[in-house]
Amino acid sequence: MEISDIISVSMGDIVEQEVDAIVNAANNSLLGGGGVDGAIHDAAGPELLEECRKLGGCPTGEARITKGYLLPAKWVIHTVGPVWNGGNSMEDQILISAYSNCLFLAEKHDIRSIAFPGISIGAYGFPVDRASVLAVRTILEHMNRPSSLEEIRLICFNDEAYKSYSYALKAFVSEIYSTK
Ligand code: AR6
């Protein structure tokens, strides 16, 4: 399968995605919040919070998995992105780890399809253009190895994010094809 058949960027609401797993841009407590985190907890129902309580939080850059409860997705992979602090506090490396750890955890559960939101680009203030390049590059590099994943969706909630992630994907994919 070509990489351009595996990864896509689209506008949408992550809670509606019919995939094996959706990714939550959570905080260290894993006990819910605003943004995409709030939307996922609202749509999944209170059992999600109950399971999250048992996890005892999640360090920044790592990932944890729960069931999806009332969501169409069977699983929720919770990760905690970096809070943007000017760019010299390991923000790039932490964002890369967040995406990588989600992908490894998905493979551990034999997950075939996954949808990501723009981790850290909302309340956590990571510049969208920079985040989109890191997200796309991390996913493409990861998919150079054998994987259970056959479909990876990047779900954008506004035009700015959509333009940025689409541009990054197009640029990396054309670079891959031009060097083949
Ligand atoms: N579907 C897809 N994307 C969404 C949705 C949705 N339903 N809702 C928002 N977004 P944010 P962060 C987009 O702030 O920056 C929470 O309170 C949103 O427009 O949700 O990682 C957590 O508990 C933005 O582009 O996540 C943490 O405390 C992107 O998702 C903190 O926010 C991420 O925005 C995490 O901040």
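So, how was this worked out
- Residues numbered from 1 in each chain as written.
- Predicted model: local features only at pLDDT ≥ 70, side-chain atom pairs only at ≥ 80, totals over all residues.
- Heavy atoms only, no water.
- Near = heavy atom within 4 Å.
- Polar contact = N/O pair within 3.5 Å; in protein donor to acceptor, adjacent residues only side chain to side chain.
- Areas by Shrake-Rupley, 256 points an atom, 1.4 Å probe, with all protein chains shown as cover.
- 1 Å grid on protein atoms, 1.4 Å probe; cavity = no way out; pocket = protein on both sides within 12 Å on 5 of 7 lines; lining within 4 Å.
- Sits in = over half its atoms within 2 Å of the grid points.
- Helix = DSSP H or I, 4+ residues; strand = E, 2+ residues; numbered from the N terminus.
- Buried < 20%, exposed > 50% of the residue type's maximum accessible area, 1.4 Å probe, protein only.
- Pairing = 2+ DSSP bridges.
- Axes fitted to C-alpha atoms, helices over the stretch in contact; angles between N-to-C directions.
- Parallel < 35°, antiparallel > 145°, perpendicular 65-115°, else oblique.
- Left-handed = near helix turned anticlockwise from the far one by under 90°.
- Contact = heavy atoms within 4.5 Å.
- Nonpolar A, V, L, I, M, F, W, Y, C, P; charged D, E, K, R; others polar.

### Looking at the site of the ligand
Inference 1: The full set close to the ligand counts 21 residues, and Asn27, Gly34, Asp37, Gly122 and Ala123 are the nearest of them.
Inference 2: One of the side-chain nitrogen or oxygen atoms of Asp13 is found 2.8 Å away from a nitrogen atom of the ligand.
Inference 3: One of the backbone nitrogen or oxygen atoms of Ile121 is found 3.5 Å away from an oxygen atom of the ligand.
Inference 4: Protein coverage of the free-state accessible area of the ligand, which is 710 Å², stands at 89%.
Inference 5: The cavity that encloses the ligand is the largest pocket.
Inference 6: Among the elements that make up the shell around the ligand, the one with the highest residue count is helix 2 (residues 35-44) (four residues).

### Considerations on the pairing of strand 2 (residues 21-25)
Inference 1: The buried count for strand 2 comes to four of five residues, which makes it a mostly enclosed element.
Inference 2: With five bridges joining them, strand 2 and strand 4 (residues 75-79) adopt parallel strand pairing. When the bridges of strand 4 are listed, Asn24 appears paired with His78.

### A word on the packing of helix 4 (residues 91-108) against helix 5 (residues 128-142)
Inference 1: Packing of helix 4 against helix 5 leaves a shortest axis separation of 9 Å and a crossing angle of 40°. Relative to helix 5, the element helix 4 is oriented oblique. In the packing of helix 4 onto helix 5, the handedness of the crossing is right-handed. Contact with helix 4, carried on its side by Asp92, Leu95, Ile96, Tyr99, Ser100, Leu103, Phe104 and Glu107, involves Arg130, Ala131, Leu134, Ala135, Arg137, Thr138, Ile139 and His142 of helix 5 and no other residues of that element.
Inference 2: In terms of residue class, the contact of helix 4 with helix 5 is built from nine nonpolar, three polar and four charged.

### Quick notes on the packing of helix 5 against helix 6 (residues 159-178)
Inference 1: The N-to-C vectors of helix 5 and helix 6 enclose an angle of 40°; their axes lie 9 Å apart at closest approach. By the angle between their axes, helix 5 is oblique relative to helix 6. In this structure, the crossing between helix 5 and helix 6 has a hand that is right-handed. Listed contacts from helix 6 to Val128, Asp129, Ala131, Ser132, Val133, Ala135, Val136, Arg137 and Leu140 of helix 5 are Glu160, Ala161, Ser164, Tyr165, Ala168, Leu169, Phe172 and Ile176.

Function-wise, these values are silent; they only describe arrangement.
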